[in-house]
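Residues per chain are reported as follows:
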Amino acid sequence: MLAIEKAVPVRYAMSDIDGKFILNALSSGRYLLSIGFMGYRPYISDTLKISANLVLPTIRLEPMSSNLKEVKVVAELPAVTQQLDKLVIDVGRNVAANGSSALEVLEKSPGISIDQNGNLMMRGKTDPVVMVNGKLVQLSGTELTEMLRGIAANNINKIELVNNPSARYDAAGNAGIIDIKLHKPIASGSNGNISLNGGYGKLLKSNNGGNLNYRKGNFSAMANYNYAYRGDFADMEVTHLFGERSDGVASSFQDFYQDITFGAHTSRLGMEYLLGKRTTVGTELFGAFTKIHRNIDNVTSLYGTDAGLNGFRNMLTNTINERKNYGANFNLRQQLDTLGAILNLDMDFAKFNLDDMQSYDFGYLNANDQPSRDPISLFNNSEGRLDIRSGALNLEKSFLRGKLELGGKFSHIRSITDMDFYNRVGQELQTNTELSGTFSYNEQIQAAFANYGRKLGNISLQLGLRTERTVGQGKGMTIFGRKYVQFFPSGAFSYQLSQKHGFGFNFSRRIGRPSYTQLNPYFYFIEPTIRVAGNPELLPALNYTMDINYTLNNKYIIGLNYFRSANPIIETQILDNANNILVGFTNLKRYESYSVVLTLPLKLTKWFSSSTNLSGFYGKFHGEIDGQAVSNARPHVMINSNNSFTFGPWSAQLVGNYNGSQYYGNIELKANMSVAIAVQRSFMAKKATLGVILSDIFFTNNIRWTNSMQRFAVDGIRLRDSRAALLNFTYKFGGNDHALTRKSGSAEEEKRRAN
């Protein structure tokens, strides 16, 4: 924005991905607007008289008549950027992400780790909320990780890790938000890409797909498809040391090997149409079909008090998991006036179907390899259905020289799981009524929120309040219900002391509701005497987070965080009177953690840049498990270093992760690390790339854990097929006809208001 008297710039702004921009804190007067974009003629407006908020009409840039000569890029954005309120991972600039899945990108991201069961953790806390294009994913645990394996990294634009969300976000979550942003059409014309990827660790892995974008006039559309195939294994060795047991067993050694074949088809189709100057309607359809084969061979050796071999327990399991997920979204954006008031309507429908078939064969042998009791053969057929209906209505408008957001949301979730167990007697299946059952859970959440933000010179303020009413009812072995209303305040404050120094503070209160799996009381087997079941008596966790940040030169950031959780939900392992280990879930009294995070982006040479995130935590649990007090605490360190190298058409990336030891209730997760290297070369006028990715090259990304209880102790290690060499080819096609028609306040406007 130029002051018309002197034609000198007084404000600058960059447009977002949809071409919208905001210029704040302009004094009343006359101005000229100047817009520039590579490959298009510079634009200078007529005189603009500004005395209040002004929404500009559509601005179209004209392409230059001649082709541009070769342009040398002298600076590039880093693959990982730390902002005051979130960490942004630019997946397109992440060479090591080519051909991988969303889960593999997250595993290499700062602050993200995997627990002993293969579930996501964020900043040392379990159950982060995962979103796709701002839409909440209603899955958790292994169901969530399987879905993330089916999303191709080549379809992802960026991933945002939000530690302290504002009131406009759903209040759910223990560990912040992971928001996966997929590619959208950004310019007129048609374009897309194709990606082919394949390689080996010990087993074959492949990830192939493509996406197509089209935009012309008021209409835009996108479509993508991906097929992911992954051979994998889980190789576990677990030692149990027991106290007093009625069968005389003092210890056991479990040798567990699982062979896994994972195949997933995923697709999305989206369309958007501009109805006039102020109304935009859009829809998006998604579908995913996943099939997983698991073969388990488990041998448990049993030892007596004299350390002599007592016998063996064997388990052979064959499992087929099928997941059929599909859904639709409808959205409407209506600009209400010329002062920036916008109404957003979203409606979502989704179905998740889970079909599992499992066969169990249990054998019991004495120390001489002779049968000590009759073998047992079981068959399980489980069917699960999850139906989701939700609608949200939000209003954004200027208010008291700031931005006010008001909104409400309604969601209805219905989950039902039928577990049918059968005893196999010869060729006949006989219903096992003791193990069979149906679990259903219905939940309704009504929410309303208000969020206000304003910029006062070098100070930015944001305050919000969200309230959610939750009504849930479950039916399984018993009937239980939940009904409560909670309030969730949030706030943010930032002060730019000078061009070099900035300070920030934010806080929020959130809720961690138990997942439907954690509530389901019916169990499944890990080993003949180890069973996993949920707990319908779980309470939601109430979480409080506070962050203080200091920024130097708009890139170096140091942050301090305090986190407190009341009623945190953790995994438990309890030995019952029948000498079975029951793996379940319970609420502890509280969990507290203190952390410091340091972000160091460095541009060392023209061809070498580095971004390093250092995190230090100190967390402590308080509560009781099976009558035993829990008060575990220890320091925990996480290091992520992302290093990029560029030599003409060649580029390379070296990514290192270190995750130190930490406590999760009574379970201690041991330290692990990983190193990945990727090299690629572009050709065909930079439309094609060919690259090689080597992941976990030292084979150190394994999980080790211990657990000490009154009646037994556990020491375990889990290996998987994490070391692999992959070859990746990508090809981009199509081009842009002219600059995209933009409508002020159409899409994603809330993301630009902080500027």
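Residues numbered from 1 in each chain as written. Predicted model: local features only at pLDDT ≥ 70, side-chain atom pairs only at ≥ 80, totals over all residues. Heavy atoms only, no water.

A. Seen up close, the environment of Gly199. Mapped onto the elements of the fold, Gly199 is located in strand β16 (residues 189-200). Residue Gly199 is classed as buried on the basis of its relative accessible area of 11%. For Gly199, the residues in contact, after removing those within four places along its chain, are Leu204, Lys205, Ala725 and Leu726. (Helix = DSSP H or I, 4+ residues; strand = E, 2+ residues; numbered from the N terminus. Buried < 20%, exposed > 50% of the residue type's maximum accessible area, 1.4 Å probe, protein only. Contact = heavy atoms within 4.5 Å.)

B. Molecular detail of the side chain of Ser674. With respect to the helices and strands, Ser674 occurs in strand β43 (residues 672-683). Those residues in contact with Ser674, other than ones at most four positions away along the chain, are Val655, Gly656, Asn657, Asp696, Thr700 and Asn701.

C. The arrangement of the sheet that holds strand β11 (residues 125-126) in detail. The 3 strands are arranged β9-β10-β11 in an open sheet whose pairing can be described as antiparallel. Only two strands of the sheet have a single partner each, and these edge strands are β9 (112-114) and β11. (Pairing = 2+ DSSP bridges.)

D. Highlighting the packing of aromatic side chains. This model, assessed by the stated rule, comprises 24 aromatic pairs. Centroid distance Tyr562 to Tyr594: 5.2 Å. Interplanar angle 45°. Geometry classified as tilted. Taken as a pair, Tyr562 in strand β33 (residues 556-566) and Tyr594 in strand β36 (residues 590-603) lie far apart in primary sequence, 32 residues in all. Residue Tyr562 is classed as partly exposed on the basis of its relative accessible area, which comes to 22%. According to the relative accessible area criterion, Tyr594 is partly exposed, its value standing at 46%. Ring centres of Trp607 and Phe608 lie 6.0 Å apart, and the angle between their planes is 25°; this geometry places the pair in the stacked category. Put simply, the rings of Tyr360, Phe362, Phe421, Phe523 and Phe525 pair up and form one aromatic cluster. (Phe/Tyr/Trp six-rings, centres within 6.5 Å; stacked < 30°, edge-to-face > 60°.)

E. The arrangement of a nonpolar patch on the surface in detail. A cluster of nonpolar residues, Trp607, Phe647, Trp650, Leu654, Ile677, Val679, Leu690, Val692, Leu694 and Leu727, forms a patch on the protein surface that exposes about 840 Å² of accessible area. Secondary-structure elements contributing two or more residues to the nonpolar patch are β40 (650-659), β43 and β44 (688-695). In terms of residue count, the dominant contributor to the nonpolar patch is β44 (3 residues). Turning to its location among the elements, Leu690 is positioned in strand β44. (Patch = residues over 30% accessible without salt bridge, like charges linked within 9 Å, V, L, I, M, F, W, Y side chains within 5 Å. Areas by Shrake-Rupley, 256 points an atom, 1.4 Å probe, with all protein chains shown as cover. Salt bridge = Lys/Arg side-chain N within 4 Å of Asp/Glu carboxyl O.)

F. Representation of the pattern of salt bridges. This structure, assessed with the given rule, holds 25 salt bridges. Asp170 is the salt-bridge partner of Arg466, the closest N and O atoms lying 3.1 Å from each other. With a gap of 296 residues between them, Arg466 in strand β27 (residues 459-475) and Asp170 in the loop between β14 (156-162) and β15 (177-182) connect regions that are remote in the sequence. By relative accessible area, Arg466 is classed as buried at 3%. For Asp170, a relative accessible area of 14% translates into the label buried. When the shortest N-O distance is used, the salt bridge between Lys670 and Glu668 registers 3.4 Å. The partly exposed category is assigned to Lys670, whose relative accessible area is 25%.

G. Main features of the confidence of the model for the chain. Of all residues in the chain, 90% have pLDDT values of 70 or greater, and the mean over the chain is 85. Counting interchain partners and residues more than four positions distant, the pLDDT-below-50 stretch residues 65-75 has 4 contacts. Confidence drops under pLDDT 50 across residues 736-755; counting only partners more than four residues distant or on other chains, this segment forms 67 contacts. (pLDDT = per-residue confidence, 0-100.)

H. Spatial organisation of the nonpolar core. Ranked by internal contacts, the top residues of the largest apolar core, which has 81 residues, are Leu120, Leu148, Ile159, Leu161, Ile178 and Ile180. Ranked by residue count, the leading element in this core is strand β22 (residues 342-366), at 6 residues. Beyond its immediate sequence surroundings of up to four residues, Ile180 is in contact with Ala102, Val130, Met131, Val132, Asn133, Leu148, Ile156, Lys158 and Ile159. One finds Leu23, Tyr31, Ile59 and Leu61 within the second-largest nonpolar core, a separate group that totals 9 residues. (Core = buried A, V, L, I, M, F, W, Y, C linked by side-chain atoms within 4.5 Å.)

I. The sheet that holds strand β35 (residues 581-587), seen in detail. Here we have 4 strands laid out as an open sheet, ordered β30-β31-β35-β34, and mixed in their pairing. The open sheet terminates on both sides in strands that have one partner only, identified here as β30 (524-527) and β34 (569-575). Put simply, the sheet's adjacent strands are angled 35° from each other on average, direction ignored. Here strand β31 (residues 530-532) pairs with β35 via 3 bridges, running parallel. The partner of Arg531 across the bridge, within β35, is Leu582. (Axes fitted to C-alpha atoms, helices over the stretch in contact; angles between N-to-C directions.)

J. A look at the pairing of strand β47 (residues 724-734). Pairing of β16 with β47 involves 10 bridges; the strand directions are antiparallel. Looking across to β47, one finds that Leu196 is bridged to Phe729. Summarising the sheet, β44 and β47 pair through 8 bridges and their orientation is antiparallel. Within β47, the position partnered with Ala688 by the bridge is Tyr731.

K. Representation of the pairing of β16. The pairing of β16 with strand β17 (residues 204-216) spans 10 bridges and is classified as antiparallel. If you follow Ile194 over to β17, its bridge partner there is Gly210. Between β16 and β17, which pair antiparallel in sequence order, lie 3 residues.

L. Spotlight on the environment of Phe253. Topologically, Phe253 is positioned in strand β19 (residues 249-275). Once the C-alpha coordinates of Phe253 and Val299 are considered, the two residues, 46 residues apart in sequence, prove to be 8.2 Å apart. Apart from the residues within four sequence positions on either side, Phe253 is in contact with Glu237, Val238, Thr239, Val299, Thr300, Ser301 and Tyr303.

M. Looking closely at unusual backbone geometry. Despite not being glycine, Arg401 has its phi angle at roughly 60°, a positive value. With respect to the secondary-structure elements, Arg401 resides in the loop between β23 (376-399) and β24 (402-425). Take Arg401: its relative accessible area is 77%, and that puts it in the exposed class. Not every positive phi belongs to a glycine, and Lys686 is a case in point at roughly 65°. Examined against the element boundaries, Lys686 turns out to sit in the loop between β43 and β44. Since its relative accessible area comes to 63%, Lys686 is described here as exposed.

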